[in-house]
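Geometric and topological summary
In case you want the letters, here they are:
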Amino acid sequence: MALLDHIYPQMAANNVLLLPYILLMLLISFVLGEIIGPYIGNLVGSGVPQIEAVFLNENEMPWWSILWRKFIGGLLAICPGLMLGREDPCIEMGAKVGQGYAEAVFQSDLKEKRRLQQSGVAAGLSAAFSAPLAGVFFLVEEITFKFKAVNVISALIASFSADLVTLLFFGTKPCLFLPVHGNLPLNAYWTLPLIGIVLGFLAYVYQFVILSLRPLFAKIEFIPRKYQNIIPLLLIIPIGLWNARLLGGSHVLITSLFNQEFEAKFSTGSLTFILVPIVIFLVRFVFSMLSYGSSVPGGIFMPILVLGALLGVIFTNLLIHNGIITSTYYPHIIISMAHQVLPMVITVFIAYYVLDLLGGRPIYEALRIQMNFKQK
């Protein structure tokens, strides 16, 4: 991903370099299609719905074939800049590692095998975010919907082990370090319900669009499903030529938004301060949908957080330019990513309630149902 910051400026300066890069994308598309082809139903997308189906005895898959194909396929999809997250694939790969231990090392029964798979789910998310507790909470809230002490303790051990390994390789600083200082002023709290309502409505729109992708891409019959990744791989090139930092998951984009220099660039008194983040939001929204819907391994976890951060930029700039808060509180854009506890509770609860009123569902569960797995 770091290479994209060097490759795209060179292509922008010398258009002749676009031809070999396009040929490279064609090669990547072919290799990626061949890798995911034999198990395409269990490799495309985040992998979380497929894992949920496993725990409901609706699905089963070989651990080694899925593990290496998800790993290499995910890299081939994400490294060229498709707007996908690495966190969801880590969850599926974690489950496959747990399954591998159960089958190849311990020869476990089904009950123990499921426990090791669940521990792998928690460990995968823990490693991806440097957040061991979040890994366990995700397992309980989104995957199993059950709190059983022995399973949670096993998941905690796996999560903390995974986090320790990432610390040994990358140091103690989390991969998404957002140092928010101070507290949002009380006189701005009346805006939180309004932000929550907007976020809830947009969450419903997001769900509607993402659940519409599969039928839409199914209509593209002239390109085999396993090679449909060529669509976003080629369409993403103009975005990279415009700004390579918009590509990928992207932790880098969130970090740059968090920097107060970003706000300073758009505080000129014109509409630029609001139009620029809106344009970036729309670009990220459209291309995250194109990327996810095109039969590639990659998740929606980080792209959703990026969209939340961009909405936070929009809300915060509106508050600053209308004199409700000062620019000191610009870092609180992360409120839309649920960072501070009390604003988080207010905003997220209202957003969740609005989504529920509109008929929204847990997104991974909805994707699993759409995949139409059958009880075995």
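Residues numbered from 1 in each chain as written. Predicted model: local features only at pLDDT ≥ 70, side-chain atom pairs only at ≥ 80, totals over all residues. Heavy atoms only, no water.

1. Considering the packing of helix 10 (residues 191-218) against helix 17 (residues 363-371)
For the pair helix 10 and helix 17, the least separation of the axes is 11 Å and the interaxial angle reads 20°. One way to sum up the angle between helix 10 and helix 17 is to call them roughly parallel. Crossing of helix 10 against helix 17: the hand is right-handed. Residues Q207, I210, L211, R214 and P215 of helix 10 form the contact with helix 17, whose own contacting residues are I363, A366, L367, Q370 and M371. (Axes fitted to C-alpha atoms, helices over the stretch in contact; angles between N-to-C directions. Helix = DSSP H or I, 4+ residues; strand = E, 2+ residues; numbered from the N terminus. Parallel < 35°, antiparallel > 145°, perpendicular 65-115°, else oblique. Left-handed = near helix turned anticlockwise from the far one by under 90°. Contact = heavy atoms within 4.5 Å.)

2. What to know about the packing of aromatic side chains
On inspection of all chains with the given rule, the structure shows 11 aromatic pairs. Measuring from centroid to centroid gives 5.8 Å for W63 and W64, while their planes differ by 65°, and the two rings are edge-to-face. Taking 6.3 Å as the distance between ring centres and 45° as the angle between the ring planes, the aromatic pair formed by F169 and F170 counts as tilted. On the accessibility criterion, F170 (70% relative accessible area) is exposed. (Phe/Tyr/Trp six-rings, centres within 6.5 Å; stacked < 30°, edge-to-face > 60°. Buried < 20%, exposed > 50% of the residue type's maximum accessible area, 1.4 Å probe, protein only.)

3. Observations regarding the confidence of the model for the protein chain
Mean pLDDT over the protein chain works out to 86, with 89% of the residues at or above the 70 mark. Averaged pLDDT values over the elements of the protein chain bottom out at 56 in helix 13 (residues 260-265) and peak at 96 in helix 2 (residues 18-36). (pLDDT = per-residue confidence, 0-100.)

4. With respect to the pattern of salt bridges
Tallied over the full model, the rule gives 10 salt bridges. The residue E60 makes a salt bridge to R114 at a minimum N-O spacing of 3.3 Å. Within this pair, whereas E60 is found in the loop between helix 4 (48-55) and helix 5 (63-78), its partner R114 is found in helix 7 (residues 110-129), the two being separated by 54 residues in sequence. For R114, a relative accessible area of 10% corresponds to the buried category. Salt-bridge contacts for E365 lead to R368; the nearest nitrogen and oxygen are separated by 4.0 Å. You can see E365 and its partner R368 sitting in helix 17, three residues apart, about one turn around the helix. Its relative accessible area of 26% is what places E365 among the partly exposed residues. (Salt bridge = Lys/Arg side-chain N within 4 Å of Asp/Glu carboxyl O.)

5. Notes on a nonpolar patch on the surface
Taken together, L19, I22, L23, L26 and L234 make up a surface patch of nonpolar side chains, about 420 Å² in accessible area. Among the elements that line the nonpolar patch, the one with the most residues is helix 2, at four residues. Mapped onto the secondary structure, L19 falls in helix 2. Judged by its relative accessible area of 56%, L19 falls in the exposed class. (Patch = residues over 30% accessible without salt bridge, like charges linked within 9 Å, V, L, I, M, F, W, Y side chains within 5 Å. Areas by Shrake-Rupley, 256 points an atom, 1.4 Å probe, with all protein chains shown as cover.)

6. Some remarks on the environment of R225
Mapped onto the secondary structure, R225 falls in the loop between helix 10 and helix 11 (230-242). R225 gets classed as partly exposed once you look at its relative accessible area, which sits at 38%.

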